[in-house]
Amino acid sequence: MNFQLRVCLTWMVACMFLHSSLVQGSHVLHHNLQTVPVPISNVPTTQGYHFRPPMHWINDPNGPLYYKGYYHLFYQYNPKGAVWGNIVWAHSVSKDLINWIALKPAIEPSKPFDQYGCWSGSATILLDGTPAILYTGIIAKNDTDPKNILWTQVQNVAYPKNLSDPFLEEWDKPDYNPVIPIGPGVNGTAFRDPTTAWYSPEDKHWRLVVGSKWDLKGQALLYRSKDFKKWIKARHTLHATRGTGMWECPDFFPVSVKGLLGLDTSVKGKGVKHVLKVSLDLDRYEYYTIGTYDITRDRYTPDGTSKDNKHGLRYDYGNFYASKTFYDPEKKRRILWGWANETDTTDEDVAKSWAGVQLIPRTVWLDPSGKQLLQWPVEELNYLRGKQVSVTSKTVKPGDHLEVGGIQTAQADVEVTFDVSSLSNAEPFDPEYMYDAQAFCKIKGADVKGGVGPFGLYVLATSDLQEKTAVFFRVFNSEDKHVVLMCNDPTQSTLAPSLAESKYKPTFAGYVDVDLTKSSSISLKTLLDHSVVESFGAGGKTVISSRVYPTLAQGDNARLFIFNNGAADIKVTKLDAWELKKPLMNIGA
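Residues numbered from 1 in each chain as written. Predicted model: local features only at pLDDT ≥ 70, side-chain atom pairs only at ≥ 80, totals over all residues. Heavy atoms only, no water.

1. Here we look at the nonpolar core
Thought 1: Among the nonpolar cores identified, the biggest contains 56 residues, and F418, L457, F473, I522 and L575 are the most heavily contacted of them.
Thought 2: Here this core takes five residues from strand β29 (residues 452-461), the largest share from any one element.
Thought 3: Beyond its immediate sequence surroundings of up to four residues, L457 is in contact with V414, V416, T469, A470, V471, L524, T526, L560, F561, I562, F563 and L575. (Core = buried A, V, L, I, M, F, W, Y, C linked by side-chain atoms within 4.5 Å. Buried < 20%, exposed > 50% of the residue type's maximum accessible area, 1.4 Å probe, protein only. Helix = DSSP H or I, 4+ residues; strand = E, 2+ residues; numbered from the N terminus. Contact = heavy atoms within 4.5 Å.)

And the structure:
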């Protein structure tokens, strides 16, 4: 059957299906496991609606774009095993960002400029509408020290072979690659992940950034080109920060000062701010700043409203890394993709045959304060909503918990608004934890009694709460304001022997910039998908994602509770919860 016909028929099936249903370190080497054949295992914690192929390892989302009616997602993929290695650019397409069809890998190691690997990069739509991929090629590998392997990196370009093909199946890597070789003053083993390029009509040049470091100084190296073929390094960086280490997967894009609409990457001028995001190889966290891009000087300057280091703003304060945004011209929005690694063991990943997911794509825009970004799952996710239950005007007394029944909650969407009418019991805030919410959450977990909170949700829980993951708020009293802590506490998420004792079950946390003296309500949205918990606090001001592996709270045995372990009553103004259907996920992979 003709491929395009097969894809069209598949999308017809997807639409019928939806209509009828009411719709950490990634470069760790395991040489002995990289090409181990693995069976497809249907473990109960396998996700239903988060993006991943049926088998094997995935990490960074790469080069997302929209072309001729289709969303494209490329991603780092090991086609031979469930651990990192043998990396290619896998490729999937979608009409709606929810149902996906897998195509063959778009870019694989095949030439001297990428013979040891095709690492992360971005896509740019050129002025004539041609998509171009810029990616990092590995040209040499020094593995004499297995604990410190040195990969020599250059930047390459690839173009579609057939621009009339909406699926962009075939890609050409010109022999004139690399378009950005290692040059003077560049650390060739820390030189990767080119951004989407932006165009300036004033001087008719393209610009892009490549992540790098010099000693422990993180750098966004700036390059310019007239023809997208020959790139010249600027004498100065776009931006750099001491003490942050290697800047992986940088992203640089404009946001509108007013409104929700996204902007094409080349937009600049009045009414526009810029965002610079970097992924810290040292800490395996990301942070971003909001600031001003001076096109004349080709420099980015943060506004200074947040820290320009690991203590700065994050898209996600949990298991979220190597993120990448793109502009969606169809709906005029900017969409964010991010990767969540597994937190079980390598042996368990191999046994279940897969590792890693892409979290739900999110729309991002600038908060009216101008001090941070807001995020929300793309509206298309609502197509999957099925059976619904609601709770309204329910008071939860101190020490109580209330089960929300009537739906299956292992794969669900939960939205709840709490009313915090009294703040008089708020505990004093310890300023020692101003820049370490995660450590604060670790000692102020869900079961630690408080004043105003902890209150929130127990998700993926058993009926007796032997297993539970807590997502909650806790309010503290500071000298000049109240401090709202949002936490994800998975310390009791599983009874699995491999994870129950001293394994990696980190608490994640961030502060929420809300003033409860002006409005006593605070909202929480949590997406549940068997082993994925994504939570959005206060309308997307603070987002936390985590991976959990319950052994009992699976399928129909997963329960949802509202809880309050504070000293004051908490009112649930409204809770809505929906079962989420399973979309078509990478069929043909």
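2. Regarding the packing of aromatic side chains
By convention here, two paired aromatic rings are described through the distance between centres and the angle between planes.
Thought 1: Throughout the structure, instances matching the rule amount to 35 aromatic pairs.
Thought 2: With 6.0 Å between their ring centres and 65° between their planes, W57 and W339 make a pair best called edge-to-face. In this pair, W57 sits in strand β1 (residues 56-67) while W339 sits in strand β20 (residues 333-340), placing the two residues 282 residues apart along the sequence. There is no split in this pair, since W57 and W339 are both buried.
Thought 3: On the basis of an interplanar angle of 65° and a centroid distance of 5.8 Å, the ring pair of W100 and W337 is categorised as edge-to-face. Here W337 lies in strand β20 and W100 lies in strand β4 (residues 100-107), a separation of 237 residues in the sequence. (Phe/Tyr/Trp six-rings, centres within 6.5 Å; stacked < 30°, edge-to-face > 60°.)

3. Observations regarding the pattern of salt bridges
Thought 1: Within this structure, the stated rule accounts for 36 salt bridges.
Thought 2: In this structure, K173 engages D114 in a salt bridge whose closest nitrogen and oxygen atoms are separated by 2.6 Å. Of this pair, K173 sits in the loop between β8 (171-172) and β9 (191-192) while D114 sits in the loop between β4 and β5 (118-125), and the two are 59 residues apart along the sequence. Both residues of the pair, K173 and D114, belong to the buried class.
Thought 3: R559 is the partner of E403 in a salt bridge, and the nearest nitrogen-oxygen pair spans 3.3 Å. Here E403 is found in strand β26 (residues 401-403), whereas its partner R559 is found in strand β36 (residues 559-564), with 156 residues between them in sequence. (Salt bridge = Lys/Arg side-chain N within 4 Å of Asp/Glu carboxyl O.)

4. Considering the pairing of strand β32 (residues 508-512)
Thought 1: Along β32, five of the five residues are buried, which leaves the element largely enclosed by surrounding structure.
Thought 2: Judged from the five bridges that link them, strand β31 (residues 482-492) and β32 form a sheet pairing that is antiparallel. Of the residues in β32, the one forming a bridge with C487 is A509. (Pairing = 2+ DSSP bridges.)

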